[in-house]
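Per-entry structural report
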Amino acid sequence: MSEIARIILDGKEYELPVITGSENEKAIDISKLRSTTGYITLDPGFKNTGSTESAITFLDGEKGILRYRGYPIEQLAEKASFLEVAYLLIYGDLPNIQELDYFRGSIAQHTLVHEDMKRFFAAYPNGAHPMGMLSAMIASLSTFYPESQNPNRPFKDIELTMHRIIAKLPTLAAQAYKFTMGHPIMYPKNDLSYTANFLNQMFGLPTTNYEVDPVIDDALDKLLILHADHEQNCSASTVRIVGSSQANLYSAISAGIAALWGPLHGGANQAVIEMLEKIKNDGGDLQKWVDKAKDKQDSFRLMGFGHRVYKNFDPRARIIKKAADDVLSKLGVNDPVLEIAKKLEEVALKDEYFVERGLYPNVDFYSGIIYRALGIPTDMFTVMFAIGRLPGWIAQWKEMIENNEPIGRPRQVYVGATVRDYRPLNER
Ligand code: CMC
């Protein structure tokens, strides 16, 4: 017999169905609660609320498990390429050789962006944050492809939009960087791999021959895989909610980029390096900063520590920590800020406050370290996260459309003023 939850409201008992996921996760289905009882549930930050039944990513925060479409993240990070993983997330299974060739080829074919987009970049002020530019640029792409505004197109047309965004996001990201630097943009070279093509557009110059270092190329590919999806997090939920109004995919992804920007989400990788620099410039007294993070009167938090769902360890952080060690030793990087990172990790991991609350370094603690070692400027870190997360956002959007999910529209418990009469200005 299927499980049932019972709830007693105003002395009356109601039965609610229990849904069991494929990994035995349980949920009480409250979708008819309001229409049958007049009650809603209240759950700020949706910490206990499942917004959908999803077949994309499974994670168990207590056990530190992360799987894309059933495949453990450890195996994918070690053996797969980022584009293979992107295919897996979006299409539901790993590609065979022909499927991967088709996917890679289609993405390589769409890397250029319309030349008129350069005029947008030219209008930004000096020091404009690349995440602001990127979010606007992706929304602007929809104006170049007006047919994308119809969400009820045949799959082939929708697929083309997905490929276009995957192809153009790194191009736009690198162009944003070049405009900030005042350097000429480098056009994509489609015989390079996805990551090498991006690195060439970022660091190449028309005056020199830029050779992509395979260590950097590999590390970047791995980082993108680790970021590729993370089920119903803040930005993925944003993408699904925006898409649920049937706004086009470009707008939904643009909103996802905006959500990712915040320091409590993807912006943490930038915040980590800024924090480490601050600690270094302040004399490097780590205990002082750890104490500040513990002080409830002080708003300072150790950036890169803690996670909404991982309460024992972040499996991505384990993989990336090793990658960070490899990259630093292979590139022979000697950076005092990175030394502070290592020491801070040691101090915090031994501190009772952090241990008790399950606050461990998360993926963004180490990704910031790797990006810095790769020469990526600090304000581009969250952009890197966005490039990695893009296939996840697309997969989440596609699933939401295919499931015919209703428009996202939470309710609230109103606690404001009750009805009162308008008083003219001179009587207030
Ligand atoms: N430094 C100091 N104390 C912390 C920290 C921290 N980084 N994170 C959580 N705490 C404390 C918090 O004050 C609270 O203490 P108490 O129980 O005494 O009130 C307790 O730990 C639980 O914190 P919470 O805010 O209820 O936890 P949450 O699950 O709502 O927040 C978080 C998760 C990631 C927002 C938070 O840990 C944080 O702000 N971390 C720093 C920012 C960061 O690194 N974000 C990146 C997350 S990983 C990237 C991604 O997937 O987006």
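Only a predicted model underlies this, so the values are computations on that prediction, with no experimental measurement involved.

1. Brief notes about the pairing of strand 1 (residues 4-9)
For strand 1 and strand 2 (residues 12-20), the ladder comprises six bridges, and the chain directions are antiparallel. Bridge assignment links Leu9 to a residue of strand 2, and that residue is Lys12. Taking the residues between adjacent antiparallel strands as the criterion, strand 1 and strand 2 are bridged by two residues, where Asp10 takes a positive phi near 50°.

2. With respect to empty space enclosed by the protein
Following the criterion strictly, the structure yields two cavities of 30 Å³ or more and no others. By volume, the largest cavity amounts to about 40 Å³. Residue composition of the lining of the largest cavity, grouped by class: four nonpolar, five polar and two charged. Put simply, the second largest cavity is a space of about 30 Å³. For the lining of the second largest cavity, the secondary-structure elements that each account for two or more residues are helix 8 (194-203), helix 9 (214-227) and helix 18 (381-402). Residues of the lining of the second largest cavity, tallied by class, amount to six nonpolar, one polar and no charged.

3. Considering the packing of aromatic side chains
For the structure on display, the rule yields 15 aromatic pairs. Between Phe305 and Phe365, the aromatic rings sit 5.2 Å apart at their centres with planes inclined by 65°, giving edge-to-face as the arrangement. With Phe305 in the loop between helix 13 (286-294) and helix 14 (315-331) and Phe365 in helix 17 (residues 363-373), this residue pair connects regions lying 60 residues apart in the sequence. Like Phe365, Phe305 is buried. Between Tyr371 and Phe381 the ring centres are 5.4 Å apart and the planes differ by 45°, which places this aromatic pair in the tilted class. Of this pair, Tyr371 sits in helix 17 while Phe381 is found in helix 18, placing the two residues ten residues apart along the sequence.

4. Thoughts on a positive patch on the surface
The grouping of Lys47, Lys296, Arg301, Arg308 and Lys311 at the surface amounts to a positive patch. Following the sequence through the fold, Arg308 ends up in the loop between helix 13 and helix 14.

5. Quick notes on the domain arrangement of the protein
The assigned domain composition of the protein is domain 1 (4-50) and domain 2 (66-225). Domain 1 and domain 2 are separated by 40 Å when their C-alpha centres are compared.

6. A look at the site of the ligand
Contacts to the ligand come from 22 residues, most closely from His265, Lys296, Arg301, Leu302 and Gly304. The side chain of Arg308 places a nitrogen or oxygen atom 3.3 Å from an oxygen atom of the ligand. Contact between the ligand and Arg357: an oxygen atom at 3.0 Å from a side-chain N or O atom of the residue. Protein contacts shield 79% of the accessible area of the ligand, which totals 940 Å² for the unbound molecule. Across the shell around the ligand, the residue classes break down as nine nonpolar, five polar and eight charged.

7. Comments concerning the pairing of strand 2
For strand 2 and strand 3 (residues 26-28), the ladder comprises three bridges, and the chain directions are antiparallel. Looking across to strand 3, one finds that Thr20 is bridged to Lys26.

So, how was this worked out
Residues numbered from 1 in each chain as written. Predicted model: local features only at pLDDT ≥ 70, side-chain atom pairs only at ≥ 80, totals over all residues. Heavy atoms only, no water. Pairing = 2+ DSSP bridges. Helix = DSSP H or I, 4+ residues; strand = E, 2+ residues; numbered from the N terminus. 1 Å grid on protein atoms, 1.4 Å probe; cavity = no way out; pocket = protein on both sides within 12 Å on 5 of 7 lines; lining within 4 Å. Points joined across faces, edges and corners; volume = space filled by probe spheres on them. Nonpolar A, V, L, I, M, F, W, Y, C, P; charged D, E, K, R; others polar. Phe/Tyr/Trp six-rings, centres within 6.5 Å; stacked < 30°, edge-to-face > 60°. Buried < 20%, exposed > 50% of the residue type's maximum accessible area, 1.4 Å probe, protein only. Patch = residues over 30% accessible without salt bridge, like charges linked within 9 Å, V, L, I, M, F, W, Y side chains within 5 Å. Areas by Shrake-Rupley, 256 points an atom, 1.4 Å probe, with all protein chains shown as cover. Salt bridge = Lys/Arg side-chain N within 4 Å of Asp/Glu carboxyl O. Lys, Arg positive; Asp, Glu negative; His and termini not counted. Charge placed at Lys NZ, Arg CZ, Asp CG, Glu CD. Domains from an automatic or database assignment. Near = heavy atom within 4 Å. Polar contact = N/O pair within 3.5 Å; in protein donor to acceptor, adjacent residues only side chain to side chain.

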